Amino acid sequence: MINLISPELRAEIRAARTNTLLVRYISIIIVAVVFIMGVLFVSYTVLERTKASADGIVQANDVKAGIYSETKQQVDALSAKLSESKTVLDQEVRYSKVLTSLGQAMPAGTILDSLKLDDTSFAGTPLTLKVYAKTSNDAVTVQPHLQSSGIFSQVTVQSTDTSKGIDGYPVSVTLSATLTKQGIQ
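Residues numbered from 1 in each chain as written. Predicted model: local features only at pLDDT ≥ 70, side-chain atom pairs only at ≥ 80, totals over all residues. Heavy atoms only, no water.

Structural notes on the overall build of the protein
Then comes step 1: Each helix and strand counted, the protein has four helices and four strands in total.
Then comes step 2: Over its C-alpha trace the protein gives a radius of gyration of 50 Å, far above what one expects of a compact globule, namely 16 Å for 185 residues.
Then comes step 3: Expressed along its principal axes, the backbone C-alpha trace of the protein runs to roughly 155 × 50 × 20 Å.
Then comes step 4: Residues counted as buried form 18% of the 185 residues belonging to the protein.
Then comes step 5: A total of about 13,800 Å² of accessible surface is found on the protein, and carbon and sulfur atoms cover 61% of it. (Helix = DSSP H or I, 4+ residues; strand = E, 2+ residues; numbered from the N terminus. Rg over C-alpha atoms; globule rule 2.2 N^0.38 Å. Buried < 20%, exposed > 50% of the residue type's maximum accessible area, 1.4 Å probe, protein only. Areas by Shrake-Rupley, 256 points an atom, 1.4 Å probe, with all protein chains shown as cover.)

Some words on the side chain of Thr-110
Then comes step 1: The topology assignment puts Thr-110 in strand E1 (residues 110-114).
Then comes step 2: A residue is classified by how much of its surface remains accessible, and Thr-110, at 11% relative accessible area, is buried.
Then comes step 3: Within polar-contact distance, the side chain of Thr-110 engages the backbone oxygen of Pro-107 at 2.6 Å.
Then comes step 4: Beyond its immediate sequence surroundings of up to four residues, Thr-110 is in contact with Val-131, Tyr-132, Ala-133, Asp-138, Val-142 and Tyr-169. (Polar contact = N/O pair within 3.5 Å; in protein donor to acceptor, adjacent residues only side chain to side chain. Contact = heavy atoms within 4.5 Å.)

Digging into the sheet that holds E1
Neighbouring strands of a sheet are bound in pairs by backbone hydrogen bonds; such pairs are parallel or else antiparallel.
Then comes step 1: Read from one edge to the other, the open sheet built from four strands follows the order E1-E2-E4-E3, with strand pairing classed as antiparallel. Each end of this open sheet is capped by a strand with a single partner; those strands are E1 and strand E3 (152-161). Within the sheet, the average angular offset between the axes of one strand and its neighbour, ignoring direction, is 30°.
Then comes step 2: Its contacts with the sheet place helix H3 (residues 136-148) against E1, strand E2 (127-133), E3 and strand E4 (171-179), and it is angled at close to 160° to E3. (Pairing = 2+ DSSP bridges. Axes fitted to C-alpha atoms, helices over the stretch in contact; angles between N-to-C directions.)

A closer look at the pattern of salt bridges
Then comes step 1: This structure, assessed with the given rule, holds one salt bridge.
Then comes step 2: The closest approach of N and O atoms between Lys-72 and Asp-76, which form a salt bridge, is 3.1 Å. Residue Lys-72 and its partner Asp-76 are both found in helix H1 (residues 7-90); the two are separated by four residues, about one turn of the helix. (Salt bridge = Lys/Arg side-chain N within 4 Å of Asp/Glu carboxyl O.)

So, the nonpolar core
Then comes step 1: Formed by 20 residues in total, the largest nonpolar core has its most connected members in Leu-129, Leu-146, Phe-152, Val-155, Leu-175 and Leu-179.
Then comes step 2: Going through the elements one at a time, helix H2 (95-105), E2, H3, E3 and E4 are the ones with two or more residues in this core.
Then comes step 3: The biggest single contributor to this core is E4, with five residues. (Core = buried A, V, L, I, M, F, W, Y, C linked by side-chain atoms within 4.5 Å.)

Describing the environment of Gln-147
Then comes step 1: As for its placement among the helices and strands, Gln-147 is situated in helix H3.
Then comes step 2: Taking the C-alpha atoms as reference points, Gln-147 and Tyr-68, separated by 79 residues in sequence, lie 58 Å from one another.
Then comes step 3: Excluding residues that lie within four positions of it along the chain, Gln-147 makes contacts with Phe-152, Ser-153, Gln-154 and Val-155.

Considering the environment of Gln-59
Then comes step 1: Examined against the element boundaries, Gln-59 turns out to sit in helix H1.
Then comes step 2: By relative accessible area, which is 55% here, Gln-59 ends up exposed.

Points about the confidence of the model for the protein
A low pLDDT means the predicted coordinates there should not be read in detail.
Then comes step 1: On average, residues of the protein score 83 in pLDDT, and 92% of them are at 70 or above.
Then comes step 2: The spread of mean pLDDT over the elements of the protein runs between helix H4 (residues 181-184), the lowest at 60, and H1, the highest at 90. (pLDDT = per-residue confidence, 0-100.)

Some words on the pairing of E2
Looking down a regular strand, the side chains alternate between one sheet face and the other.
Then comes step 1: Where burial is concerned, most of E2 is hidden: five out of the seven residues are buried.
Then comes step 2: Across four bridges, E1 lies against E2 in antiparallel orientation. Across the sheet, residue Leu-112 finds its bridge partner in E2, namely Val-131.

Next comes the structure, spelled out in structure tokens:
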């Protein structure tokens, strides 16, 4: 087969086919770019509407929260007062309980003459107790009874006198003792 087409014409035909193919690819790319831009525009529009809706909800909630802010402040103030009250109540010392426990710890045949309780008594400062007993044997049992009661620690006898008693309780005993945490609570 003899080819009668000149080499220049053949080159132009090949160039025309290549140009046609390039035009197709360029048009496909342009359509794809337009499609992607359209999708981005629609997405942006939807996001803007969603943002506007969310801003509206936030503003509505801020208005609602503003209504309750005074109530929240009152609740916070009450909570602070309650925590202060709890602290005070936790530090409360029931003098009646200390006195009842002390009365139960006293051995038979003895009575307590004087006892001074104040804030320093509960802070570890030793107390001075004056006790009257019917007999010397009763006077000897006072110190071990108070020591083993758990109310006091470091119970020591300061003095014992058989001539300074009262009617029915001739023996006088002076003791020094420190209240324990168990005795306070």
